[in-house]
Amino acid sequence: MSDVFDFSGRTVFVAGGTSGINLGVARAFARAGASVAVLSRTPDKVRAAVDSLGECGVTALGFVADVRDYEAVAEGLAATCTELGELDVLVSGAAGNFPAATESMSARAFGAVVDIDLKGTFNVLRAAREHLRTPGASVITISAPQSTVPMTLQAHACAAKAGVDMLTKVAALEWAAAGIRVNAVVPGPIEDTEGMGRLAPTPELSELVARSVPLGRYGTAQEIADCCLWLASPYATYVNGAVIPVDGGWSLGGASEVFTAMRNLLAG
Ligand code: HXC
Ligand code: NAP
């Protein structure tokens, strides 16, 4: 059980919740007593995530689906609500990323990231809307510093996550009347994640990133989960349409420069 928050009797759905930061968020809600459902593409990852959530002693469900497939996402959400009731918390965090220069990135590569990150987030929010508890549901999108900080090799993610932030704010405006709050959490570089493994693949690059964060270190999935727990808790009931960096101050300075330095290093 979480030391601070109690989500017993609540239902949480995490799209892309089978690894990394999002699994950390799903596990934090499960440890706080919530029933949790996760969805992603890979059957083995879905099975492992459900097992790990179940170890927290709560009901856990898993669905295999690609967020680019609206009908499949809608089916997973409907099945969750049939089993567990209306959603108290929706987290949308599925994303894809790889470093690629704009002049050599293919149109399909750009489109793949926009389709997963931005259109996938729309699909998840749109399909979940009818299942959200009114009033009271909390919707959390997982953005990235790329949404506000231009970074070399990141045209696809910068464009997609900027869209995620704006989609979050529009949904916050539209759904407030129903008592649904919608906010974005913006992780900085988080240790032991697929995302940072792809963007800073060597110990040297990883150290460069850590030094570029004002707090001088990577964050943890737990630190992102803590913000999500707070946003969904009774301590954040007037927070709506916020885009909240949890990044050690990285987006204030350092985030853009380190990508330029990494591009130069990679170019030799
Ligand atoms: C250039 C690449 C590429 C690469 C793929 N492509 N990888 N181009 N460099 N490293 C191109 C392919 O050649 C293809 O274009 C197009 O992208 C689509 O590739 P597919 O493999 O067919 O796509 P798909 O199977 O849909 O996979 C999506 C994916 C993949 C994004 C490409 O990497 C993925 O599934 N990622 C999910 C896991 C992940 O990335 N996690 C990290 C999230 S971290 P062509 O033209 O050849 O057909 C994050 C933010 C981190 O989001 C922020 C840190 C600060
Ligand atoms: P990760 O472990 O790769 O997590 C991505 C999750 O989304 C996985 O569960 C993955 O499972 C799922 N997913 C990917 N594409 C999908 C699709 N098309 N349909 C359904 N599910 C899909 O990556 P992470 O590094 O922890 O990142 C998690 C989130 O945090 C992302 O939104 C990312 O943009 C954000 N973020 C990360 C960092 C960081 O430091 N890592 C920093 C800022 C923001 P499957 O492969 O099984 O589909």
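Scroll up to find the structure this text is about.
Thresholds applied
- Residues numbered from 1 in each chain as written.
- Chains lettered and ligands numbered in written order.
- Predicted model: local features only at pLDDT ≥ 70, side-chain atom pairs only at ≥ 80, totals over all residues.
- Heavy atoms only, no water.
- Buried < 20%, exposed > 50% of the residue type's maximum accessible area, 1.4 Å probe, protein only.
- Helix = DSSP H or I, 4+ residues; strand = E, 2+ residues; numbered from the N terminus.
- Pairing = 2+ DSSP bridges.
- Right-handed = clockwise from strand over helix to strand, strands pointing away.
- Near = heavy atom within 4 Å.
- Polar contact = N/O pair within 3.5 Å; in protein donor to acceptor, adjacent residues only side chain to side chain.
- Areas by Shrake-Rupley, 256 points an atom, 1.4 Å probe, with all protein chains shown as cover.
- Axes fitted to C-alpha atoms, helices over the stretch in contact; angles between N-to-C directions.
- Parallel < 35°, antiparallel > 145°, perpendicular 65-115°, else oblique.
- Left-handed = near helix turned anticlockwise from the far one by under 90°.
- Contact = heavy atoms within 4.5 Å.
- Nonpolar A, V, L, I, M, F, W, Y, C, P; charged D, E, K, R; others polar.
- 1 Å grid on protein atoms, 1.4 Å probe; cavity = no way out; pocket = protein on both sides within 12 Å on 5 of 7 lines; lining within 4 Å.
- Points joined across faces, edges and corners; volume = space filled by probe spheres on them.
- Core = buried A, V, L, I, M, F, W, Y, C linked by side-chain atoms within 4.5 Å.

**Considering the pairing of strand β2 (residues 35-40)**
Burial within β2 is extensive, with six of its six residues counted as buried. Two strands pair when backbone bridges link them, and strand β1 (residues 11-15) and β2 are joined in this way by five bridges, in the parallel orientation. When the sheet's bridge partners are listed, V12 is paired in β2 with V36. Each parallel crossover has a hand, and for β1 linked through helix α1 (residues 20-31) to β2 it is right-handed.

**A closer look at the pairing of strand β6 (residues 181-187)**
The buried count for β6 comes to seven of seven residues, which makes it a mostly enclosed element. Here β6 shows no split at all, with R181, N183, V185 and P187 on one side and V182, A184 and V186 on the other all buried. The pairing of strand β5 (residues 138-142) with β6 spans five bridges and is parallel. Directly across from V139, in β6, lies its bridge partner V182. Taken together, β5, helix α5 (residues 155-175) and β6 form a β-α-β motif whose crossover is right-handed.

**Observations concerning the site of ligand 1**
Around ligand 1 lies a shell of 18 residues, among which R41, R68, S106, R108 and R198 are the nearest. Within the backbone of N97, one N or O atom sits 2.9 Å away from an oxygen atom of ligand 1. Here an oxygen atom of ligand 1 and a side-chain polar atom of S106 are 2.6 Å apart. Computed on the free molecule, ligand 1 has an accessible area of 1100 Å², of which 64% lies beneath the protein chains in the complex. The set of elements that each furnish at least two residues to the shell around ligand 1 consists of α4 (107-128) and α6 (194-199).

**Re the packing of α4 against α5**
In the contact formed by α4 and α5, the axes pass within 8 Å of each other and the chain directions differ by 15 degrees. Between α4 and α5, the angle falls in the class roughly parallel. Where α4 crosses over α5, the two elements pack in a sense that is right-handed. Of α5, the residues touching α4 (which contributes A109, F110, V113, V114, D117, L118, T121, F122 and L125) are A155, H156, A157, A159, A160, K161, G163, V164, L167, A171 and W175. In terms of residue class, the contact of α4 with α5 is made up of 15 nonpolar, three polar and two charged.

**Things to note about the site of ligand 2**
Surrounding ligand 2, one finds 31 residues, the nearest of these being S19, S40, R41, T42 and G93. Within the backbone of I190, an N or O atom sits 2.9 Å from an oxygen atom of ligand 2. Residue T193 places a side-chain N or O atom 2.8 Å away from a nitrogen atom belonging to ligand 2. In the complex, 91% of the free accessible area of ligand 2, which totals 870 Å², lies under the protein chains.

**Some words on the layout of surface pockets**
Of the pockets and cavities examined, the largest pocket occupies roughly 1000 Å³. Lining the largest pocket we find 45 residues, and of these G93, A95, G96, E194 and G195 sit closest to its centre. Elements with a contribution of two residues or more to the lining of the largest pocket: α1, β2, α4, α5 and α6. In terms of residue count, α6 provides more of the lining of the largest pocket than any other element does, five residues in total.

**Observations regarding the nonpolar core**
Counting 35 residues, the largest nonpolar core has F7, V25, F29, V36, V91 and V185 as its most contacted members. Elements that contribute at least two residues to this core include exactly β1, α1, β2, α2 (43-54), β4 (89-92), β5 and α8 (221-231). Sorting elements by how many residues they give to this core places α1 first, with seven residues. In this view, V36 contacts V12, V14, A26, F29, A30, L53, T59, A60 and L61; residues no more than four positions away in its chain are not counted. A37, L90, V139 and W175 belong to the second largest nonpolar core, which has 29 residues in total.

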